Amino acid sequence: MVGPRRADGVRRLGFVTWTDDRPTGGNVYNEALVSALESLGTEVVLHRVPGRWPEADRIDRERLGMILRTEQILLVDGIVASGAPDAMSAAVASGRQVTVLLHMLAADEVGLTEVSRARRFAAEGRTLRSASGVLTPSRHAARRVAERYGRVEVAVAPPGVSPAPRAVGSSSGDPRLLTIAALTPTKDPITLVRALALLRDLSWTAHWVGSDEVHRDYTARVRTELETTGLGSRLLLRGIRIGPALEAEWAAADMLVLPSRAETYGLVVSEALAHGVPAVVTAETGAVEALDAGSRPPVDTAAPARPGTAVRGGDPVALAGVLRSWLTDPDLRHRWRAAAVDRRDNLPGWGSTAEAVLAYLTRTAVS
């Protein structure tokens, strides 16, 4: 694992995030970043604002405005920042250095009404154009910001990953597929269910780990899809798992499947590689960058370039085709697993992320 170096520059930073503490990729990133920044000597003052961000009410937006006036240099989680363009622009106009840490583009969430999408698009655009700086976890996300909002000065601070025990895989003899994501339209579990329905003739088990309370109506649709396809006993919805319970899921995993329709990075893919688990991700998303993290030229030129592959989003037939190849080809399973294990010692740590963030904040402070 690549370790940190001492970084000079910003010594005090106000970090604004929200009070939702579900184990999302953004929340994991924020927590790990704070710890890494502090280990590099930066004092981080953490401000958690309540509200249904990015569509919080007036009181929560006013509370955010007051917080933004308390620090000179601020890093604001994008889900909060994109919901309060007036407070953000006012803080910048008053001389504060306010940088947005954009874990996801709010208008990219799948399942929004056209009115809600338009409202998010307008608010997010105002926020990102007025901010002192914008940080994203991937080049993919930076390109999206430039194409959509015309903000070309966007820095990239890829997530790190913590060392993890190597997964041993399923003990039942049937390959175990694992997905770690909330049950939301953006994460697209229904495409996975329909893909697995095309693989009923093969031996496998699957676990979906993540909150089922974010979109209750959608969760009901997923459960109906499982009943309709007869997969209720083969694809298990496990709910949120943390700590040892989550590690037990990783230990038994043979493959991570992330069918998301939108991902700025896909931190869970890095976590899979840290466990030596290959992954299938959605093409043309930031998860492809996560799959390529820590890559190096293989010694054997016949070896696969990636510990897994990318597949077209929202296409159960394409996803089923990839999974069928993996399930029926022991050599492919071995090569993908070997490639994933090879990545474990070459993945960046969180110190590298903190260094990139501090370097950018320092540059913008003196520019």
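Quick caveat: nothing in here was measured; it's all calculated off a predicted structure.

Draft legend 1. Up close: the overall build of the protein chain. The helix and strand inventory of the protein chain stands at 14 helices and twelve strands. On C-alpha atoms alone, the protein chain measures out to a radius of gyration of 21 Å, which is about the 21 Å that the 2.2 N^0.38 rule sets for 367 residues. In terms of overall dimensions, the protein chain has a C-alpha envelope of 65 × 45 × 35 Å along the principal axes. Looking at the protein chain residue by residue over its 367 residues, the buried ones come to 54%.

Draft legend 2. Representation of the sheet that holds strand 3 (residues 73–77) within the structure. Taken in spatial order, the six strands make up an open sheet running 2-1-3-4-5-6, and their pairing is parallel. Taken across any chain shown, the strands that pair with only one partner, and hence form the sheet edges, are strand 2 (43–49) and strand 6 (154–156). Each neighbouring strand pair of the sheet contributes to a mean axis angle of 25°, computed without reference to strand direction. Here strand 3 pairs with strand 4 (residues 97–101) via five bridges, running parallel. Along strand 4, the bridge assignment pairs Leu74 with Val98. Of the strands in this sheet, strand 1 (12–18), strand 2, strand 3 and strand 4 are in contact with helix 1 (residues 25–39), which crosses strand 1 at around 165°.

Draft legend 3. Just the side chain of Gln97, in detail. Relative to the assigned elements, Gln97 resides in strand 4. With a relative accessible area of 9%, Gln97 lands in the buried category. Separated by 3.0 Å, the side chain of Gln97 and the backbone oxygen of Leu361 make a polar contact.

Draft legend 4. Molecular detail of unusual backbone geometry. For the bond running from Trp53 to Pro54, omega is 10°, close enough to zero to count as cis. Turning to its location among the elements, Pro54 is positioned in the loop between strand 2 and helix 2 (58–68). The phi dihedral of Asp188 falls on the positive side, at around 60°, and the residue is not glycine. Asp188 gets classed as buried once you look at its relative accessible area, which sits at 5%. A positive phi angle, near 60°, is found at Glu284, a position not held by glycine. Counting through the fold element by element, Glu284 comes out in the loop between strand 11 (279–282) and helix 11 (287–292). Looking at Glu284, the relative accessible area reads 75%, which means it is exposed.

Draft legend 5. Structural context of the pairing of strand 8 (residues 205–209). Of all five residues that make up strand 8, four are buried, and the element is covered over most of its length. With five bridges joining them, strand 7 (residues 176–180) and strand 8 adopt parallel strand pairing. Residue Thr179 lies in a different strand from strand 8, and its bridge partner there is Trp208. You can see the chain leave strand 7, run along helix 7 (residues 189–197) and come back into strand 8, and the turn it takes is right-handed. When strand 8 meets strand 9 (residues 235–239), the two strands line up parallel, connected through four bridges. Following the sheet pairing, Trp208 is matched in strand 9 by Leu237. For the segment spanning strand 8, helix 8 (residues 216–229) and strand 9, crossover handedness is right-handed.

Draft legend 6. Fine view of the side chain of Thr127. Along the polypeptide, Thr127 turns up in helix 5 (residues 114–130). At 2.9 Å, the side chain of Thr127 and the backbone oxygen of Ala81 are in polar contact. Residues contacting Thr127, with those up to four places away along its chain left out, are Ala81, Ser82, Ala84, Pro85, Met88 and Val100.

Draft legend 7. Here's a closer look at the packing of helix 4 (residues 85–93) against helix 5. Running from amino to carboxyl end, helix 4 crosses helix 5 at an angle of 10°, the nearest separation of the two axes being 9 Å. Judged on the interaxial angle alone, helix 5 and helix 4 are roughly parallel. Of the residues in helix 5, those in contact with Pro85, Asp86, Met88, Ser89 and Val92 of helix 4 are Ala123, Arg126, Thr127 and Ser130. For the contact of helix 4 with helix 5, a count of residues per class yields four nonpolar, three polar and two charged.

Draft legend 8. Just the nonpolar core, in detail. Core analysis: the largest hydrophobic core is formed by 57 residues, its most contacted members being Leu196, Val269 and Leu323. Residues within four places of Leu196 in sequence aside, it is in contact with Leu177, Trp204, Ala206, Leu231, Leu235 and Leu323. If you look at the next biggest cluster of nonpolar residues, it comprises 29 residues, including Trp18, Ala91, Val98 and Val134.

Reading guide: rules and limits
Residues numbered from 1 in each chain as written. Predicted model: local features only at pLDDT ≥ 70, side-chain atom pairs only at ≥ 80, totals over all residues. Heavy atoms only, no water. Helix = DSSP H or I, 4+ residues; strand = E, 2+ residues; numbered from the N terminus. Rg over C-alpha atoms; globule rule 2.2 N^0.38 Å. Buried < 20%, exposed > 50% of the residue type's maximum accessible area, 1.4 Å probe, protein only. Pairing = 2+ DSSP bridges. Axes fitted to C-alpha atoms, helices over the stretch in contact; angles between N-to-C directions. Contact = heavy atoms within 4.5 Å. Polar contact = N/O pair within 3.5 Å; in protein donor to acceptor, adjacent residues only side chain to side chain. Right-handed = clockwise from strand over helix to strand, strands pointing away. Parallel < 35°, antiparallel > 145°, perpendicular 65-115°, else oblique. Nonpolar A, V, L, I, M, F, W, Y, C, P; charged D, E, K, R; others polar. Core = buried A, V, L, I, M, F, W, Y, C linked by side-chain atoms within 4.5 Å.

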